[in-house]
Protein chains: 2
Amino acid sequence: MQAPKNVITNHAARLVMRPVGEPKRSDFTFTDEPLPLVQSGEMLVKVEYLSLDPAMRGWMNDAKSYIAPVALNDVMRAGGVGQVIESKHPKFAAGDYVSGMVNVQTYCITDGKGFVKIDLSLAPLTTYLNVLGMPGMTAYWGLMDVGQPKSGETLVVSGAAGAVGSTVGQIAKIKGCRVVGIAGGKDKCDYVVNTLGFDACIDYKAEDVKKALKVTCPNGIDIYFDNVGGDILDAVLTRINLRARIVICGAISQYNNTEAVKGPANYLSLLVNRARMEGIVVFDYAPKYKEAAIEIGAWLAAKKMISKEHVVEGIDTFPETLMKLFKGENFGKLVLKV
Amino acid sequence: MQAPKNVITNHAARLVMRPVGEPKRSDFTFTDEPLPLVQSGEMLVKVEYLSLDPAMRGWMNDAKSYIAPVALNDVMRAGGVGQVIESKHPKFAAGDYVSGMVNVQTYCITDGKGFVKIDLSLAPLTTYLNVLGMPGMTAYWGLMDVGQPKSGETLVVSGAAGAVGSTVGQIAKIKGCRVVGIAGGKDKCDYVVNTLGFDACIDYKAEDVKKALKVTCPNGIDIYFDNVGGDILDAVLTRINLRARIVICGAISQYNNTEAVKGPANYLSLLVNRARMEGIVVFDYAPKYKEAAIEIGAWLAAKKMISKEHVVEGIDTFPETLMKLFKGENFGKLVLKV
């Protein structure tokens, strides 16, 4: 017997090829299929915004990682926000706005695992994909747990105009650090300094990063929050202080490599400086998301922090919009309006 | 007025060229000079054994590090043990045996800074250059402070037949870990397993290290104590567990590089596994040396640990004897009998 179908048609982006190097349109296919019926314990979410993240590139690889790869022909994994339009789940009701792993599709039927209700009276929907969402949690816990900022210390963060980087820097400023960003292009650097309030921002496309770090970090670097890896990580390693903490959050410069990742040639600076390099994965902090969200929410309300999203419209643009991340074309947290 | 001279002639190895790649005889010159007279607050030590360490290679470079480089034409820096033959120092008397930075020479006049008395009734002189000396302190504190071994965990250590590595492994066994060494050659591996009591030892000269780690560490790697860097560090990174600790103690495979150091291409395994890579320098633990020495002394007395030294005779062999370290020709802690 065939399962009864929902009257709603779901439009979804499925991963059909594992990308070699940069992901491209032909690695995906878009399908239109009737949704199954909502079962007891499930809810149906109409997806409104998708979060596009560098980490998605890793999920496309058939490799052991902190999360299983997306299976071929499955809907591409993505976080997002949307509205519940039908619920047989005890904790969620039709009309609720929720955040969770909705994946790259127009509708999502879920058992609610990992989903949370969000309150639009506190912040707009897209903020829940940014400073009140994964990037915010990543920034907050990576910085607080591994970076351990102390007032008066110098923090450097790469990807400074991006979702995680801009939040890391804003929090570090609140915590009393000297904050230096690294970003690509004058517009981003101006934004990082003038709008986000960093002390300085190095344009890695126009400046010699090593020299610029010497000028902007006269007292050396105590914390480096790394989103990019590659040559910038190596440059920072030449300027770290005794007992420096390097938070390995990502390495966007290396994700589309078809050759080996460039390891940090200057890693022995860790030895010389008795410094620490430690990786973080945001999901580990799930039990503490709420704690961070309360503090970040208060900073937003007090105008001590801003949440900037870069919104692109149309689920069908997914492959090209995702590539904006790797080309550095996004300005703030990249979200796709479905 | 010329300073009055001592009747004793000092024979010393001085660094006259900064080595490019491997240090060679022509980078040093041997001088014979009358010693100055011992001044108030000083003592004269007759050097008996010198400690030869991989770190000495770094001290020869004109580069910022955890310790100033040896100046050109200065006596080469070295730790060692010897007997006080004249003392105008309040804390040391003629006849005392001492350990400290005596440098590569037959006699040393010192203000006693960093020197400690050693007790030959507890252990032979050379043990104080090995498990009761710098290598022992490095092994103990690197392992306990950064490695943080827990019973049942798997520890891997490179340079397993060397001074630091053999001590790390023996302590980790005492702490209840599964211990796998990595060393070069069958003789060393046999020694590591049969004499030191490690659970296994990988011969990196004969085996595929990555495959051998899979076999010998079926439950993955919780602690890696790295003395070698290079490809072995990269191989280990592919097998680490969640929350693994990597102690960066040295990178002997890279010290004589004339090109850039090989950074760990697999460092993103730190991210995937939320693991930590941290450098250590033994001098940081000076206030706690005694604590470690008491525990190690008890293990030696209880025959739970052995201290093996590889003794080469003749101060004039210094350049070639030092090279044994980089060629992997030493078997146990390398010391030079003066």
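None of these values were measured; they are calculated from a predicted model.

Parameters at a glance
Residues numbered from 1 in each chain as written. Chains lettered and ligands numbered in written order. Predicted model: local features only at pLDDT ≥ 70, side-chain atom pairs only at ≥ 80, totals over all residues. Helix = DSSP H or I, 4+ residues; strand = E, 2+ residues; numbered from the N terminus. Rg over C-alpha atoms; globule rule 2.2 N^0.38 Å. Contact = placed C-beta atoms within 7 Å. Buried ≥ 20, exposed ≤ 12 C-beta atoms within 10 Å, placed from the backbone. Arc of directions from axis to C-beta. Nonpolar A, V, L, I, M, F, W, Y, C, P; charged D, E, K, R; others polar. Pairing = 2+ DSSP bridges. Least-squares fit on C-alpha atoms with pLDDT ≥ 70 in both. Axes fitted to C-alpha atoms, helices over the stretch in contact; angles between N-to-C directions. Parallel < 35°, antiparallel > 145°, perpendicular 65-115°, else oblique. Domains from an automatic or database assignment. Left-handed = near helix turned anticlockwise from the far one by under 90°. Expected span 1.5 Å × (residues − 1).

Colleague: Now, about the overall build of chain A: what can you tell me, with residues and values included?
Modeller: Helix and strand counts for chain A stand at nine helices and 15 strands. A globule of 338 residues ought to have a C-alpha radius of gyration of about 20 Å, and chain A, at 20 Å, matches this closely. Projected onto the principal axes, the alpha-carbon positions of chain A cover approximately 70 × 45 × 35 Å. For chain A, restricting intrachain contacts to residue pairs at least 6 apart in sequence, the fraction spanning at least 24 positions comes to 66%.

Colleague: Provide a residue-level description of helix H5 (residues 209-216) of chain A, including the pertinent values.
Modeller: Residue and element names in this part refer to chain A. Of the residues making up H5, those classed as buried are Val209, Leu213 and Thr216. Viewed along the axis of H5, the buried residues span an arc of 75 degrees, placing them on a single side of the element. The outward face of H5, more than 90 degrees from its buried face, is lined by the exposed residues Lys211 and Val215.

Colleague: Talk me through the interface of chain A and chain B; I want residue IDs and the actual numbers.
Modeller: Accessible area lost on assembly of the parts is the figure often given for the size of an interface. Taken together, the contacts link 24 residues of chain A with 24 residues of chain B. Among the elements of the structure, helix H7 (269-272) and strand E13 (276-279) of chain A are those that each provide at least two residues to the side of chain A that touches chain B. Here the element with the most residues in the side of chain A that touches chain B is E13 of chain A; it accounts for four residues. Considering only residue class, the side of chain A that touches chain B consists of 16 nonpolar, four polar and four charged. Summarising the sheet, E13 of chain A and strand E13 (residues 276-279) of chain B pair through three bridges and their orientation is antiparallel. Bridge pairing links Glu278 of chain A to Arg276 of chain B in E13 of chain B.

Colleague: Explain the relation of the copies chain A and chain B residue by residue, including any values.
Modeller: Overlaying chain A on chain B yields an RMSD of 0.0 Å, the required transformation being a rotation through 180 degrees with an accompanying axial translation of 0.0 Å. These values place the two chain copies in the arrangement generated by a two-fold rotation axis. The C-alpha atom lying nearest the rotation axis in chain A is that of Gly263 of chain A; the distance is 2.2 Å. When the interface residues of chain A are mapped onto chain B, 100% of them again lie at the interface, so the same face is used by both copies.

Colleague: Tell me about the sheet that holds strand E8 (residues 154-158) of chain A, and name the residues and values.
Modeller: The strands making up a sheet associate through backbone hydrogen bonding, with each pair oriented either parallel or antiparallel. What the twelve strands build is an open sheet, ordered E10(A)-E9(A)-E8(A)-E11(A)-E12(A)-E13(A)-E13(B)-E12(B)-E11(B)-E8(B)-E9(B)-E10(B); its pairing is mixed. The open sheet has two edge strands with one neighbour each: strand E10 (200-203) of chain A together with strand E10 (200-203) of chain B. Taking each pair of neighbouring strands and ignoring which way they run, the sheet shows an average axis angle of 15 degrees. Relative to E13 of chain B, strand E12 (residues 240-248) of chain B is paired through four bridges, and the arrangement is parallel. Bridged to Ile248 of chain B within E13 of chain B is Gly279 of chain B.

Colleague: Which residues make up the packing of helix H2 (residues 134-147) of chain B against helix H8 (residues 289-301) of chain B, and what values do they have?
Modeller: Residue and element names in this part refer to chain B. Remark: H2 packs on H8, axes separated minimally by 10 Å, with the N-to-C direction vectors making an angle of 95 degrees. By the angle between their directions, the pair H2 and H8 is classed as roughly perpendicular. Across the interface between the two elements, Gly136, Met137, Tyr140 and Trp141 from H2 touch Tyr289, Ala292 and Ile296 from H8. Each residue belonging to the contact of H2 with H8 can be placed in one class, and the counts come to six nonpolar, one polar and no charged.

Colleague: So what's going on with the domain arrangement of chain A? Residues and values would help.
Modeller: Residues and elements named next belong to chain A. Per the domain assignment, the segments making up chain A are domain 1 (5-130 + 308-337) and domain 2 (134-282). Of the residues lining the interface, 19 residues belong to domain 1; the matching set on domain 2 comes to 15 residues. It is helix H1 (residues 55-59) that provides the largest number of residues to the side of domain 1 that touches domain 2, a total of three residues. Class assignment of the residues belonging to the side of domain 1 that touches domain 2 gives a composition of six nonpolar, eight polar and five charged.

Colleague: Summarise the environment of Thr154 of chain B; cite the residues concerned and give the values.
Modeller: Its location among the elements puts Thr154 of chain B in strand E8 (residues 154-158). C-alpha of Thr154 of chain B to C-alpha of Gly220 of chain B: the two residues are 66 residues apart in sequence and 7.0 Å apart in space.

Colleague: Which residues make up the packing of helix H5 (residues 209-216) of chain B against helix H6 (residues 230-237) of chain B, and what are the values?
Modeller: Residues and elements named next belong to chain B. Where H5 meets H6, the closest approach of the two axes is 9 Å, and the angle between their N-to-C directions is 40 degrees. With respect to H6, the axis of H5 lies oblique. In the packing of H5 onto H6, the handedness of the crossing is right-handed. Contact with H5, carried on its side by Val209, Lys210 and Leu213, involves Ile232, Ala235 and Val236 of H6 and no other residues of that element. The residue inventory of the contact of H5 with H6, partitioned by class, reads five nonpolar, no polar and one charged.

Colleague: Account for H8 of chain B, naming residues and giving values.
Modeller: Counting along an α-helix, one turn takes 3.6 residues, and residues three or four places apart therefore face a common direction. All names here are of chain B. With 13 residues, H8 should cover 18 Å at 1.5 Å per step; its first-to-last C-alpha distance of 18 Å lies within 8% of that length. Restricting attention to buried positions, one finds in H8 the residues Ala292, Ala293 and Ile296. One side of H8 holds all its buried residues, which, seen down the axis, span an arc of 100 degrees. Exposed and oriented more than 90 degrees from the buried face of H8 are Lys290, Ile294, Ala298 and Ala301. Contact partners of the buried residues in H8: H2. At the exit of H8 stands Lys303, carrying a positive phi of roughly 60 degrees.

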